[in-house]
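Reading the structure
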Amino acid sequence: MLSLFLIDTPLSSFTCNLIIRVGVKQDKPLAAAASTFTSSELADISDLRALLSDLADHPIASQYLKDDSTLWRYFGAKATERTKDAQLKEAEAMFRESTQWKLDANVAETMLLWEETENFELRPKTEEAKLGDSHFYGGICGLATSGGPFMVERLGQVDVGGLSKDEKCLAAVKKSYIHYIETAWRTVRAKGGKTQAIMVIDMQGLGMSVLRYIATLKEMSKIATHNYPEIASSIYLVNPPWGFQTIWKAVQSILPPRTREKITVLDGEFIETLAKHIEGGKAKLPDFLGGHNVNHGICAALPVGEKKADEDDEECSED
């Protein structure tokens, strides 16, 4: 929350469209060019790969091991460790745990629950996917100027209290979240090198009551922080509510140090800052963030128990 799986399976049309637009040919391997990394970084990548050599037959890990860009992300996620040996040890543990989690969680099957179109729209194919989308709060609305995905989460609109009391709905929202974060992961990996996303978290509507449901927030956030390292280079929090400092003290405690380092709180005028980070500027920036894009597809999450009307299935219905 606070943001076909196997690499030898063809990429989805949504991800391929992102790849084509950032100039990466689909028939090229995922390994980044050596010149992308410094000699020191290449040595770190090589050392990490050696520690993981026993995973050569693992269906997911084996593909990641071929990719310098992916190994760089795992190593970089532990950059706060004091020594290189400690950093390698932590990166190795994260790699092993996350690749096994992705296998156990059947992420490949989750990715098939949506039909992905060329214009970044998602169409749920099952009732579970429809349920998740009705109460989910984020999405990718295009590309960042850096080449990675431009990710937006409307955290202030999610019914955290309702989700904490409805296991079925929470499970469906988790799958929507996995689809969202996995799509971003595959996009930055396909681009290669040090490509990263820009993430915007809109806190409009977030109240002090969220403090009662920190456990639910933690359960959601660890999906990304434990399994998708170094997706984003910057995370912008916008529209901070009254009492934000109190909320932030609780929320930051569930985030890794590396994630906290990337967060910037933008209070007041933030439109120009966000517009410079998205390809297409204000024309592509969602309207609820001050841009002109009304077809962004990132709807405010419905309260748990409410159902999206049929006529709203294809587009957001904003008040």
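Our subject is the structure that appears above.
Residues numbered from 1 in each chain as written. Predicted model: local features only at pLDDT ≥ 70, side-chain atom pairs only at ≥ 80, totals over all residues. Heavy atoms only, no water.

1. What about the pairing of strand β3 (residues 138-143)?
Within β3, 6 of the 6 residues are buried, which leaves it mostly tucked inside the rest of the structure. With 4 bridges connecting them, β3 and strand β4 (residues 149-153) associate as antiparallel partners. In the strand pairing of β4, G139 is matched with V152. Where β3 hands over to β4, the hairpin turn is made up of 5 residues, of which G147 adopts a positive phi near 105 degrees. (Buried < 20%, exposed > 50% of the residue type's maximum accessible area, 1.4 Å probe, protein only. Helix = DSSP H or I, 4+ residues; strand = E, 2+ residues; numbered from the N terminus. Pairing = 2+ DSSP bridges.)

2. Considering the pattern of salt bridges
Overall, the coordinates contain 14 salt bridges when judged by the stated rule. For K130, the salt bridge is made with E127, and the minimal N-O distance between the two is 3.5 Å. Pair noted here: K130 and E127 are both in helix α7 (residues 127-135), with a separation of 3 residues, about one helical turn. Residue K174 is joined to E219 by a salt bridge in which the shortest nitrogen-to-oxygen separation is 2.3 Å. Placement of K174 in helix α9 (residues 167-191) and of E219 in helix α10 (residues 214-227) is noted, with a sequence separation of 45 residues between them. Shared partners join several salt bridges into a network, and the residues in it are E230, R258, E261 and K262. (Salt bridge = Lys/Arg side-chain N within 4 Å of Asp/Glu carboxyl O.)

3. With respect to the environment of F37
Locating F37 in the fold gives a position in the loop between α1 (13-21) and α2 (39-51). Each C-alpha atom of the pair F37 and D68 lies 8.9 Å from the other, and the pair is 31 residues apart in sequence.

4. Observations regarding the packing of aromatic side chains
Applying the stated rule across the entire model yields 14 aromatic pairs. When the centroid spacing of 6.2 Å and the interplanar angle of 45 degrees are considered together, the rings of F37 and W72 count as tilted. Of the two residues, F37 is situated in the loop between α1 and α2 and W72 in helix α4 (residues 68-76); the sequence distance between them amounts to 35 residues. Taking relative accessible area as the criterion, F37 reaches 5% and is therefore assigned buried. Classification of W72 by relative accessible area gives buried; the value is 15%. Grouping aromatic residues by their ring pairs yields a cluster made of Y64, Y74, F95, W101, W185 and Y228. (Phe/Tyr/Trp six-rings, centres within 6.5 Å; stacked < 30°, edge-to-face > 60°.)

5. Notes on the sheet that holds strand β5 (residues 197-202)
A sheet is described by the order of its strands in space; here 5 strands give the open sequence β3-β4-β5-β6-β7, paired in mixed fashion. Only two strands of the sheet have a single partner each, and these edge strands are β3 and β7 (263-266). Direction aside, neighbouring strands of the sheet carry axes that sit 20 degrees apart on average. Across the sheet, α9 is in contact with β3, β4 and β5; its angle to β4 comes to roughly 160 degrees. (Axes fitted to C-alpha atoms, helices over the stretch in contact; angles between N-to-C directions. Contact = heavy atoms within 4.5 Å.)

6. Topic: the nonpolar core
The tendency in soluble globular proteins is for nonpolar side chains to be buried side by side. Judged by nonpolar contacts, the single largest core of 62 residues is most densely connected at F95, M151 and Y177. For this core, the element with the most residues is α9, which contributes 9 residues. In this structure, A144, V152, V238 and I278 belong to the second largest nonpolar core, which totals 16 residues. (Core = buried A, V, L, I, M, F, W, Y, C linked by side-chain atoms within 4.5 Å.)

7. Some points on the packing of α7 against α9
Across the interface, α7 lies against α9 with an axial gap of 7 Å and an inter-helix angle of 85 degrees. On the basis of their axis angle, the class for α7 and α9 is roughly perpendicular. From α7, E128, A129, L131, G132, D133 and H135 reach across to α9, where they touch K168, C169, A172, V173, K175 and S176. A class-by-class count of the residues in the contact of α7 with α9 yields 5 nonpolar, 3 polar and 4 charged. (Parallel < 35°, antiparallel > 145°, perpendicular 65-115°, else oblique. Nonpolar A, V, L, I, M, F, W, Y, C, P; charged D, E, K, R; others polar.)

8. Let's talk about unusual backbone geometry
Even without being a glycine, N106 presents a positive backbone phi close to 55 degrees. By the element assignment, N106 lies in the loop between α5 (84-104) and α6 (107-111). If you check the backbone angles, N239 has positive phi at about 55 degrees while not being a glycine. As for its position among the elements, N239 is in the loop between β6 (232-238) and α11 (244-251).

9. What about the packing of α4 against α5?
It is at 8 Å that the axes of α4 and α5 come closest, and there the two elements cross at 120 degrees. Judged by the twist between their axes, the crossing of α4 over α5 is right-handed. Where α4 approaches α5, its residues L71, Y74, F75 and G76 are matched on the opposing element by K84, Q87, L88, A91, M94, F95, S98, T99 and K102. Within the contact of α4 with α5, the residues separate by chemical class into 7 nonpolar, 4 polar and 2 charged. (Left-handed = near helix turned anticlockwise from the far one by under 90°.)

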